[in-house]
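Per-entry structural report
The chain contents come next:
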Amino acid sequence: MSKRITIDPITRIEGHLRIDVEVNGGQVSKAWSSAQMWRGIETILKGRDPQDAWSYVQRFCGVCTTVHAISSIRAVEHALNVEVPLNAQYIRNIMIAQHSVQDHIVHFYHLSALDWVDIVSALKADPKKAAAIAQSLSDWPGNSEKEFKAVQDKLKAFVEGGQLGIFASGYWGHPAMKLPPEVNLIAVAHYLKALDYQRKAAQAVAVLGGKNPHIQNLVVGGVATAINMENLATLNMERIAYLRQLMTETRDFVQKVYYPDLIAIASFYKDWFKYGAGVTNYLAVPEFAEDTKNTKFALAGGMIYNGDLATFKPITTHQDQALIQGITEGVAHAWYEGAQSLHPWEGETKPEYTDFQENGKYSWCKSPRFNGKAMQVGPPAQVMAAYATGNPKVKKLVDDAAAKLGIGLKDIHSTMGRLFARGVRAHVMADLSLDYLDKLVANIGKGDTTYANPTEIPSGEYKGVGFHEAPRGTLSHWIVIEGKKIKNYQAVVPSTWNASPRDEHGQPGPYEACLVGNPVAQPEKPLEVLRTIHSFDPCIACAVHTVDPEGKEITKVKVL
Amino acid sequence: MRTLIFGAGNLILSDEGFGVHVVKYLEDNYTFPEEVELFDGGTLGIMVTHKIEEAERVYIVDTLDTAGEPGDVFRYEKEDIMLNRLPVKLSPHQIGIQEMLYISEMRGGCPDAISLLGVIPKSFDPGNELSPSLNEKLPQVARLLVEELRGMGYEIGEKQSSALN
């Protein structure tokens, strides 16, 4: 007998996602991923000035404001063949890396930890033992018995006062929860602390971007961050020192708290390196441009097929024609007109809503494919590409963790593997941030203070694509410019790749594929489904944000 | 005392951006002393918790899904949120304003005075303009905030160029 479970909406994600699973004998046998929000925001870009696109697209998504700005500006620069000065690349790289650090910290602690951490169990912990465990993991100074005791007392007061609030909907005491009380307490304490460090990363982005959320410092051809080491109003020695301090503190948090917590938690959930593989074709684009033409990068991109590293095909530049030509988006099962797959430059966004038809159209998400194949994007793809190209830091982190946890590279194709890869990526991003600050200072020291190549939009028709390896994976913005205006605009975002519905050949997207075979102990509490879906860090790219007080006893005072 | 006006919402989904429109309207039409900060919080929720924690008095402006007509504005105070009178399952984000306030409270950083002004939206269609019924409410909500801030002793000027509609 199969049982159908619908989870609508999936909580602790961005956007509105519905997941349907068919459970047979305690295991998922079939799954559907359905984005429940109209995503036609590209349409408002048509007819606008390409120079302004980056500013609008920051509002595409709730969280990933910076990444859309970066992709968009690169799309225009690619279309017009504009070079970007080294200082501007370094400044963008620092913002990209710090945004990633912030994003990964928030995902680990605030969006996914509660799938693995039993908050209520932390009340039973011995704070002294918790401190001893935490201190054995790293020398971070915040792990004292006093600190853990204070968090436990506060938690107790909340629970006794019936104020579990955000935690009230958690699956506490679920048989799939495996951490000892002390590890739960460590995780809860760091969950609260993590907010301070995600904030420091946000401040670092703001030092360069002028504002965060929604950076203000991009221009086609560079950045608008004036550089003058002696001037108070520009990027100067004082600002750089402040930036270095913020980024050093976040690096320490990532490397001495987040990463050790991740490894500690994973060691109690090794079985989760077996579930949730799904689509094992991976795509990553190269990131952290180190020349002015986007042809030299710090981290490799590439494709991997069937989870086999031997199939790795590197992508070395953002001008890779096989990559640019190979991407299409299908709408066979998405609520848009038509059935054929189109290249993003020809992409259309014409809604055709039918309601949920499991064999017909059932999602607002399109189905991106590479040469007709479903691909998984995200930290596992980038980590494997870096590993395949012999990146020493990534290799060491993966090999060390493999030795510690008894896992291999193939275990990255899993629910826990995705969390692990994101931790590795955060570790790398934290170091790269400081690395690019050094490179920026050194370049300025050589006397180069250029930060933009001012660009006029010419008349005529131009097509461009801006690739960016964002925290959730490969992002691309596609622009067609005609007569100095935007003629067409499409964003193919990481969550579209991963959350995509079946395509015209019936191939499921990564969310749909990864759930098949997952255990479900209690269908009424489908914690295992949430674990696997959350491991992707879903971000259903259109950020509606309405407060919805659906209770009965609401004190509501109408004021206007 | 630092007072924060926190505008939440998505600026390119018409009425969803109401909170941000209010912040922009205030910036365009009034002058504020240094202790009052206007903040375009977008839809980041938990990632901007620190803005709330840095203030002593907070006004959040957002859209609201409840019974009533588009353009109706409702007001909630901190206790409505903390005592679960404004339930947790709130925004499609699920890490929205409310969750952010809970975490702040648990960290001991949440200010005592928080008010939420919520407006019922009409349209979430792509677009960077408000629907007429909400556009009409915009100056009224701004005026309400300004009057309240003046009542607290802040000196708030009106910009010359603006025709307050």
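Residues numbered from 1 in each chain as written. Chains lettered and ligands numbered in written order. Predicted model: local features only at pLDDT ≥ 70, side-chain atom pairs only at ≥ 80, totals over all residues. Heavy atoms only, no water.

**Points about the overall build of chain A**
In terms of helices and strands, chain A carries 14 helices and 16 strands. Over its C-alpha atoms chain A spans a radius of gyration of 23 Å, differing by no more than 12% from the 24 Å that the globule rule assigns to 560 residues. Taking the principal axes of its C-alpha atoms as reference, chain A extends roughly 65 × 65 × 60 Å. Classification of the 560 residues of chain A by burial places 62% in the buried group. Counted over contacts in chain A with a minimum sequence separation of 6, partners at least 24 positions apart contribute 73%. Only carbon and sulfur atoms are counted for the fraction: they give 51% of the accessible area of chain A, which is about 19000 Å². (Helix = DSSP H or I, 4+ residues; strand = E, 2+ residues; numbered from the N terminus. Rg over C-alpha atoms; globule rule 2.2 N^0.38 Å. Buried < 20%, exposed > 50% of the residue type's maximum accessible area, 1.4 Å probe, protein only. Contact = heavy atoms within 4.5 Å. Areas by Shrake-Rupley, 256 points an atom, 1.4 Å probe, with all protein chains shown as cover.)

**Details of the sheet that holds strand β10 (residues 308-315) of chain A**
All names here are of chain A. Taken in spatial order, the three strands of this open sheet run β6-β9-β10, and their pairing is antiparallel. One side of each edge strand has no neighbouring strand; the edge strands of this open sheet are β6 (282-284) and β10. Each strand axis lies, on average, 15° off the axis of its neighbour in the sheet, ignoring direction. Strand contacts of helix α9 (residues 379-388): β6, β9 (301-305) and β10, with the helix running at about 80° to β6, the strand carrying the most contacts. (Pairing = 2+ DSSP bridges. Axes fitted to C-alpha atoms, helices over the stretch in contact; angles between N-to-C directions.)

**Brief notes about the environment of A521 of chain A**
Residue and element names in this part refer to chain A. As for its placement among the helices and strands, A521 is situated in the loop between α13 (510-515) and α14 (527-534). Looking at A521, the relative accessible area reads 51%, which means it is exposed. Spatially, the C-alpha atom of A521 lies 9.7 Å from that of G25, the residues being 496 residues apart in sequence. Excluding residues that lie within four positions of it along the chain, A521 makes contacts with H174 and E528.

**A look at the sheet that holds strand β13 (residues 461-470) of chain A**
Residue and element names in this part refer to chain A. With respect to topology, three strands assemble into an open sheet ordered β13-β14-β15, the strand pairing being antiparallel. On the outer flanks of this sheet lie β13 and β15 (485-492), each paired with one strand and no other. Neighbour-to-neighbour, the strand axes of this sheet turn through a mean angle of 15°, independent of strand direction. One ladder, built from 10 bridges, connects β13 with strand β14 (residues 473-482); its direction is antiparallel. Bridge pairing links F467 to S476 in β14.

**Overview of helix α1 (residues 18-29) of chain B**
Residues and elements named next belong to chain B. If you check α1, its first and last C-alpha atoms are 16 Å apart, about what 12 residues at 1.5 Å a residue would give, namely 16 Å. Among the 12 residues that make up α1, nine are buried, leaving the element largely enclosed by the rest of the structure. Every buried residue belonging to α1 is among F18, G19, V20, H21, V22, V23, Y25, L26 and N29, and all of these are buried. (Expected span 1.5 Å × (residues − 1).)

**Concerning the side chain of S34 of chain A**
All names here are of chain A. Here S34 is to be found in strand β3 (residues 27-35). When its relative accessible area of 0% is taken as the criterion, S34 is described as buried. At 2.6 Å, the side chain of S34 forms a polar contact with the backbone oxygen of Y362. Those residues in contact with S34 that lie beyond four places of it in its chain are H16, L17, R18, W335, F356, Y362 and S363. (Polar contact = N/O pair within 3.5 Å; in protein donor to acceptor, adjacent residues only side chain to side chain.)

**Remarks on the packing of aromatic side chains**
All names here are of chain A. Following the criterion strictly, the structure yields 22 aromatic pairs over all chains and no others. For the pair W116 and W272, a centre-to-centre distance of 5.5 Å together with 85° between the ring planes defines the contact as edge-to-face. Residue W116 is found in the loop between α3 (86-112) and α4 (127-137), and its partner W272 is found in the loop between α7 (237-268) and β6; the two are separated by 156 residues along the sequence. Residue W116 shares its accessibility class with W272, and that shared class is buried. Their ring planes at 70° and their centres at 5.8 Å tell us that Y336 and W364 sit as a pair that is edge-to-face. Taken together, the residues Y336 in the loop between β11 (327-330) and β12 (367-370) and W364 in the loop between β11 and β12 connect sequence positions 28 residues apart. (Phe/Tyr/Trp six-rings, centres within 6.5 Å; stacked < 30°, edge-to-face > 60°.)

**Notes on α9 of chain A**
Residues and elements named next belong to chain A. A large share of α9 lies buried, amounting to nine of its 10 residues. Considered for burial, the residues of α9 that qualify are P379, P380, A381, Q382, V383, M384, A385, A386 and Y387. G390 occupies a position one or two residues after α9 and carries a positive phi of about 80°.

**Comments concerning the UniProt feature "binding site: Ni(2+)" (unreviewed entry) in chain A**
Residues and elements named next belong to chain A. In the numbering adopted here, UniProt assigns the feature "binding site: Ni(2+)" (unreviewed entry) to C61, C64 and C539. If you trace the backbone, C64 turns up in the loop between α1 (53-57) and α2 (65-80). You can call C64 buried: its relative accessible area is 7%. Each residue touching C64, except ones within four places of it in the same chain, is listed here: H99, R472 and C539. (UniProt positions renumbered as here; feature names shortened; annotations may be inferred.)

**A short note on the confidence of the model for chain A**
Caution is warranted with low-pLDDT regions, since their predicted coordinates should not be read in detail. Averaged over chain A, the pLDDT score is 91; the fraction of residues at 70 or greater is 93%. pLDDT under 50 marks residues 550-554 of chain A. Its contacts with residues more than four places away, or in other chains, come to eight contacts. (pLDDT = per-residue confidence, 0-100.)

**Some remarks on the packing of α3 of chain A against helix α6 (residues 181-209) of chain A**
Residue and element names in this part refer to chain A. Running from amino to carboxyl end, α3 crosses α6 at an angle of 160°, the nearest separation of the two axes being 9 Å. By the angle class used here, α3 and α6 are roughly antiparallel. When you trace α3 past α6, the crossing you get is left-handed. (Parallel < 35°, antiparallel > 145°, perpendicular 65-115°, else oblique. Left-handed = near helix turned anticlockwise from the far one by under 90°.)

**What about the environment of Q51 of chain A?**
All names here are of chain A. Relative to the helices and strands, Q51 resides in the loop between β3 and α1. For the pair Q51 and V219, spaced 168 residues apart in sequence, the C-alpha to C-alpha distance is 7.3 Å. With near-sequence residues (within four places) excluded, Q51 lies in contact with V220, T455, E456 and I457.

**Points about the confidence of the model for chain B**
Residues and elements named next belong to chain B. Mean pLDDT over chain B works out to 85, with 87% of the residues at or above the 70 mark. Considering each helix and strand of chain B separately, the mean pLDDT is smallest for helix α3 (residues 78-82), with a value of 78, and largest for strand β2 (residues 30-31), with 97. The complex model carries a pTM of 0.91, and its ipTM stands at 0.79.

**Re the side chain of T250 of chain A**
Inspection of the secondary structure assignment puts T250 of chain A in helix α7. Non-local contacts of T250 of chain A, meaning those with residues more than four positions away in its chain, are made with Q98, V101, Y197, K200 and A201 of chain A.

**With respect to the packing of α7 of chain A against helix α10 (residues 392-405) of chain A**
Residues and elements named next belong to chain A. Two elements in contact, α7 and α10, have axes whose closest approach is 10 Å; the angle formed by their N-to-C orientations is 40°. With respect to the hand of their crossing, α7 and α10 are arranged in right-handed fashion. Here Q255, Y259, I263, A266 and S267 of α7 come into contact with α10, specifically with K393, L397, A401, K404 and L405. For the contact of α7 with α10, the residue count by class is six nonpolar, two polar and two charged. (Nonpolar A, V, L, I, M, F, W, Y, C, P; charged D, E, K, R; others polar.)

**What about the pattern of salt bridges?**
By the definition in use, this model includes 42 salt bridges over all chains. Across the pair D196 of chain A and R107 of chain B runs a salt bridge whose closest N-O atoms are separated by 2.5 Å. Separated into two different chains, D196 of chain A in helix α6 and R107 of chain B in helix α4 (residues 97-107) make up a pair that spans both. A salt bridge links E147 of chain B to R143 of chain B; its shortest N-O distance comes to 3.2 Å. Of the two residues, E147 of chain B and R143 of chain B are both situated in helix α5 (residues 132-151); the distance of four residues between them amounts to about one turn of the helix. (Salt bridge = Lys/Arg side-chain N within 4 Å of Asp/Glu carboxyl O.)

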